[in-house]
Amino acid sequence: MILVILCGIRFYNPWFLDVMRLKALDNHQRQQETVIIDNIVTVEINNDTLAEYGQWPFPRNQLAEEVHRLYSAGAGLVIMPMLFAEPDRFGGDEAFTEMLLQTPTIIGQVPADVTDGSPVTRGVAAVGDSWEGWLYRYGGAVGPIKPFADAAIGVGMLIISPEADGVVRRVPLVVDVNGQIFPSMSMEIIRTAAGDISYQIKTGAGGVEALRIPKYGKQIVDGNGNLWIDFKYKTEVYPLHEALPDLQSKIVILSLTASGLDSVVSTPVGNIYNHDLIAATTTTMLQGTNISRPYWSDFAELGASFGMGLIIALTVLIFKWYAGAILLPTFTLGSYYGSLYVYNTKSYLLDWSWPILTVFVVWAAAAFLRFMQEYKLKQQIKKQFEHYLDPRQVAILQKHPEKLKLGGERKEMSFLFMDIVGFTPISEYYKNNNDPEGLCEVINDYLDRMTAIVQKNGGTVDKYMGDCIMAFWNAPLDCANHAEMAVKTSIECAEETEKMKAEFKAKGLPDINIGSGVNTGECIVGNMGSSTRFDYSVIGDAVNLAARLEAQTRNYPGCTTLYSQYTKDQIDIPSKELDKIKVKGKEELITIYEPS
């Protein structure tokens, strides 16, 4: 039931499950070694740059000179992820416009809820179904001032799309602004680097499937046009105010990192600057990594969760405890490293957290049920045998319940029947003294002493029948010398009775004697009775013979222990043949013995 509930939760995929899955997948990103990008660098405007050049924003003619300096150092393409929505208060717009006309520099724009922001759109070829309703939609956007918009080779949207937990893992490559498609900054970088004037978008029944710039192939995205970012990519960073290295036709991101002006983004690998986000997104596209969650991932994860959960449940409930203990880490590590392997080799994002959680919860539940099952069995064994077996034997049965077979089992055993000889005078004594409680006390004392001897010698007390005790050996626990232990018990009980006789005499009570009959033979032993009441007992001709031998002790004065030839053949106790008798229910003569 627990397994089905867990799979049902996974099937309906509530929001918290999506967050947990994303957190788990973040681990794959953190496991990667950092890769320094060789074709993209960052030139930063940091605190030292402001100390050198003065406050931000710089006059745009000065900013234009710095961009020219970047190209002079060999830059192939300069990216300025900044918004130039108002004219320069220092009057440097003309120089900045001239710089844009002379260089392949890309500037930024942002989505916003405005109606007149002069955003710059880009031509796009749409293939397949309509993209409307799938892309993130904004009512407007704010773009650069018109001279810059006309002069710049590219204008990209500066946009991030955090997940439900506030972490950025995907970025939209395109967005819908009032019914028109606008490319992201990374998309503009790829388009400009390829020398294309437009890009292509393909939409299917499940939303956006891919975006494409022919030179770099198609970019696999989710239904909303988001690209999964590979965050292992980082750029080399150089301060703007220092001497620049040879930039070797590289893409240069001119980025603000000064305190209070920086733009920090939360990602699976920690907080990073906006320029690292742009660089990682661009490199992911250039490398054709195409990280994705395949359409079959939900079914695979659900099937893996159910399959592993079912296997571990059955294993824990059926086999030894260590089978489940081995299987749990196997499934746990297998799920994690399997997901990591698929990510590293195929760039597929397959969730490992829910299968592991499912397996662990099902394992814990099954282990608890198994524990409760075994605990109840131990309690049942204890309840059934605590009054008949020595506590040490009960402990053995609780530890190894398989030694107790339910139902009937054919087995050779030894049986002892022991009774008080001359019980009537004792009973009459207490009756005449109007003291029935005293009689109960005597009987209980007698039974307690004899039972202790039986249990000490490894016997099982089957039942009490008034003043008679029935006991047996070699079940439920094996006892190799069961015949000898039965006779030994009878002898020790007779010795204990002698002590009781002395006590009785001191109290002025009638004399007490016992008679014991022991036999060895095959019987049926097990739980017997009705469906509502049963007991662990023995039946068979060998049992009956032991009872008959106990009754025969009355015919041999002074004899306290009688045992048959079958018992005598299995013991080393010195024995004396007493007689050959015929007992009720048997035709042949039975040779009987007593200890010599």
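Note that the structure is predicted; figures quoted are calculated from it, not measured.

Let's talk about the overall build of the chain
Phase 1: The secondary structure content of the chain amounts to 17 helices and 26 strands.
Phase 2: Rg of the C-alpha trace for the chain: 46 Å, well past the compact-globule value of 25 Å for 596 residues, more than 25% over.
Phase 3: Along the longest, intermediate and shortest principal axes, the C-alpha atoms of the chain span 135 × 50 × 45 Å.
Phase 4: With 596 residues in all, the chain has 51% of them scored as buried.

Things to note about the sheet that holds strand 4 (residues 123–128)
Phase 1: If you trace the four strands from one edge of the open sheet to the other, you get 4-11-12-13, paired in mixed fashion. The open sheet is flanked by strand 4 and strand 13 (217–220), the only strands paired with a single partner. Each strand axis lies, on average, 25 degrees off the axis of its neighbour in the sheet, ignoring direction.
Phase 2: In the packing of helix 7 (residues 185–194) onto the sheet, contacts are made with strand 11 (198–204) and strand 12 (207–213), and the angle to strand 12 comes to roughly 35 degrees.

Here we look at the state of the cysteines
Phase 1: For the structure shown, the criterion picks out zero disulfides.
Phase 2: Just so you know, Cys-479 is unpaired, no disulfide at all, and the nearest cysteine sulfur is the one on Cys-523, 14 Å from it.

Overview of a nonpolar patch on the surface
Phase 1: A contiguous nonpolar patch, built from Val-4, Phe-306, Leu-310, Leu-314, Leu-317, Ile-318, Phe-319, Phe-368, Leu-369, Phe-371 and Tyr-375 and spanning about 1100 Å² of accessible area, is present on the exposed surface.
Phase 2: Relative to the helices and strands, Phe-368 resides in helix 11 (residues 353–385).

Describing the environment of Thr-281
Phase 1: On the secondary structure map, Thr-281 appears in helix 8 (residues 274–287).
Phase 2: The spacing of Thr-281 and Tyr-233 is 48 residues in sequence and 8.8 Å in space, taken between C-alpha atoms.
Phase 3: With sequence-adjacent residues up to four places away left out, Thr-281 is seen in contact with Val-171, Leu-173, Ser-186, Leu-227 and Ile-229.
Phase 4: In terms of polar contacts, Thr-281 uses its side chain to reach the backbone carbonyl oxygen of Leu-277, at 2.7 Å.

Some thoughts on the sheet that holds strand 10 (residues 180–183)
Phase 1: On the basis of which strands lie adjacent, the open sheet formed by three strands has the order 5-9-10 and mixed pairing. Whereas interior strands pair on both sides, the edge strands pair on one side only; in this sheet they are strand 5 (137–138) and strand 10.
Phase 2: Bridge count for strand 5 against strand 9 (residues 174–177) is two bridges, and the pairing is parallel. Note on strand 9: the bridge partner recorded for Tyr-138 is Val-177.

Topic: the packing of aromatic side chains
Phase 1: Following the criterion strictly, the structure yields 14 aromatic pairs and no others.
Phase 2: Ring geometry for Tyr-53 versus Phe-58: centroids 5.6 Å apart, planes at 65 degrees, classification edge-to-face.
Phase 3: Ring geometry for Phe-96 and Phe-148: centres 4.7 Å apart, planes at 50 degrees, overall tilted. On the criterion of sequence distance, the pair formed by Phe-96 in helix 5 (residues 93–102) and Phe-148 in helix 6 (residues 146–151) is long-range, its members being 52 residues apart.
Phase 4: On the basis of relative accessibility, which here comes to 0%, the residue Phe-96 falls in the buried class.
Phase 5: According to the relative accessible area criterion, Phe-148 is buried, its value standing at 0%.
Phase 6: Pairwise contacts between aromatic rings join Tyr-53, Trp-56 and Phe-58 into one cluster.

Observations regarding the confidence of the model for the chain
Phase 1: Confidence in the prediction for the chain averages 90 pLDDT; 95% of positions are at 70 or higher.
Phase 2: The lowest-confidence element of the chain is helix 12 (residues 391–399), averaging 64 in pLDDT; the highest-confidence one is helix 5, averaging 97.

A short note on the pairing of strand 20 (residues 460–465)
Phase 1: As judged from the five bridges shared by strand 20 and strand 21 (residues 468–473), these two strands associate in the antiparallel manner. What sits directly across from Met-465, in strand 21, is Cys-468.
Phase 2: The turn linking strand 20 back onto strand 21 is made up of two residues, and Gly-466 within it adopts a positive phi angle of 65 degrees.

Observations regarding helix 14 (residues 436–456)
Phase 1: With 21 residues, helix 14 extends 30 Å from end C-alpha to end C-alpha; this agrees with the ideal 30 Å at 1.5 Å per step.
Phase 2: Looking at helix 14, one finds that the buried residues are Gly-438, Leu-439, Val-442, Ile-443, Tyr-446, Leu-447, Arg-449, Met-450, Thr-451, Ile-453, Val-454 and Gln-455.

Notes on the pattern of salt bridges
Phase 1: Going through the model one piece at a time under the given rule, you end up with 35 salt bridges.
Phase 2: For the salt bridge of Arg-410 with Glu-522, the shortest nitrogen-to-oxygen distance reads 3.1 Å. Residue Arg-410 is found in strand 19 (residues 408–421), and its partner Glu-522 is found in strand 22 (residues 513–529); the two are separated by 112 residues along the sequence.
Phase 3: Assessed through its relative accessible area of 49%, Glu-522 is described here as partly exposed.

Regarding the side chain of Ser-297
Phase 1: If you trace the backbone, Ser-297 turns up in helix 9 (residues 297–318).
Phase 2: At a separation of 3.1 Å, a polar atom in the side chain of Ser-297 contacts the side chain of Arg-293.

How each quantity is defined
Residue numbering note: each chain is counted from 1, following its sequence as written. Restriction of local features to residues with pLDDT of at least 70 applies here, the model being predicted, together with a cutoff of 80 or more for giving and counting side-chain atom pairs; totals for whole chains, interfaces and linings are based on all residues. The side-chain figures draw on all heavy atoms in the structure; neither hydrogens nor water molecules are used. In DSSP terms, a helix is any run of H or I states spanning at least four residues, a strand is any run of E spanning at least two, and both are numbered starting from the N terminus. The globule rule used for comparison is 2.2 Å times the number of residues to the exponent 0.38, while the radius of gyration itself is calculated over C-alpha atoms. Any residue under 20% of the maximum accessible area for its type is buried, any over 50% is exposed, and the rest in between are partly exposed; the area is computed with a 1.4 Å probe on protein chains only. Paired strands, in this sense, are two strands between which DSSP finds at least two bridges. For helices, the fitted axis covers only the stretch in contact; all axes are lines through C-alpha atoms, and the angles between them, taken along N-to-C directions, range from 0 to 180 degrees. Note on contacts: a residue pair qualifies if any of its non-hydrogen atoms lie within 4.5 Å across the two residues. Two cysteine sulfur atoms form a disulfide, by the criterion used here, when they sit within 2.5 Å. Each patch groups residues whose relative accessible area exceeds 30% and which form no salt bridge, using 9 Å between like charges and 5 Å between nonpolar side chains of Val, Leu, Ile, Met, Phe, Trp and Tyr. Methods summary: accessible areas were calculated by the Shrake-Rupley approach with a probe of 1.4 Å, and residue burial reflects only the protein chains presented. Think of a salt bridge as a Lys or Arg side-chain nitrogen and an Asp or Glu carboxyl oxygen that are within 4 Å of each other. Any pair of N or O atoms that falls within 3.5 Å is considered a polar contact. Within protein, one atom must be able to donate a hydrogen and the other to accept it, and sequence-neighbouring residues count only if both atoms are side-chain atoms. Only centres within 6.5 Å qualify two rings of Phe, Tyr or Trp (six-membered ring in Trp) as a pair; their planes then separate them into stacked at under 30 degrees, edge-to-face at over 60, and tilted for everything else. Here pLDDT means the predictor's own confidence in every residue, given as a number from 0 to 100. What a helix is expected to span follows from its residue count: subtract one and scale by 1.5 Å.

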